[in-house]
Amino acid sequence: MRSLDDIYEEYEFLEGDERYGLLIELGRELEEMPDALKTDATLVRGCSAAVWVYPTEGEEPGRLHFLADSNAAITKGIVALVISAVQDKPAPEVAEMDVTAALAPFDLKNQLSSNRTQGVPNMIALVKEHATRIAAA
């Protein structure tokens, strides 16, 4: 998965539809999430499209790793953007991280319709909740 900085480096030079294209591409690059994990328990509430986020064990203890998916291409790209901000980072770092601020340069609220971004705070809350739980363990 690309880093948030690498994604932004490309994103800032694009406009309109090209940015949509990049988001769709990011969604396609997400690690495959098995259908068996797409349950009510992993469903992110408040999203206009179905979004699933599942925390898994990172390769190193204490590091976060997420599987995620959506049934809508652009939403899946937004999910990939959120996940790229935290993927494989130490849980204590993510627990303290301002993920919203990390995503701010992408200006998603002004780039996309509000129904596409309404679930982003819920995704961030879920990720931070998991990070806080792991960091405390």
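Anyway, here's the lowdown on the structure attached to this text. Just so you know, these numbers come straight off a predicted model, no measurement behind them.

Some remarks on the pattern of salt bridges
- Under the definition given, this model contains 9 salt bridges.
- A salt bridge links Arg-2 to Glu-10, with the shortest nitrogen-to-oxygen separation between them at 2.9 Å.
- For Lys-38, the salt bridge is made with Asp-35, and the minimal N-O distance between the two is 3.1 Å.
- Taken together, the salt bridges that share partners define one network made up of Arg-2, Glu-10, Glu-25 and Glu-29.

Some words on the packing of helix α3 (residues 73-86) against helix α8 (residues 120-136)
- It is the contact of α3 with α8, at a shortest axis distance of 11 Å, that shows an interaxial angle of 30 degrees. Between α3 and α8, the angle falls in the class roughly parallel. The handedness of the crossing between α3 and α8 comes out as right-handed. Between α3, through Ile-78, Val-79, Val-82, Ile-83 and Val-86, and α8, the contact on the second element is made entirely by Val-120, Met-123, Ile-124 and Val-127.
- Of the residues assigned to the contact of α3 with α8, the class counts are 9 nonpolar, no polar and no charged.

Cut-off values and rules
- Residues numbered from 1 in each chain as written.
- Predicted model: local features only at pLDDT ≥ 70, side-chain atom pairs only at ≥ 80, totals over all residues.
- Heavy atoms only, no water.
- Salt bridge = Lys/Arg side-chain N within 4 Å of Asp/Glu carboxyl O.
- Axes fitted to C-alpha atoms, helices over the stretch in contact; angles between N-to-C directions.
- Helix = DSSP H or I, 4+ residues; strand = E, 2+ residues; numbered from the N terminus.
- Parallel < 35°, antiparallel > 145°, perpendicular 65-115°, else oblique.
- Left-handed = near helix turned anticlockwise from the far one by under 90°.
- Contact = heavy atoms within 4.5 Å.
- Nonpolar A, V, L, I, M, F, W, Y, C, P; charged D, E, K, R; others polar.

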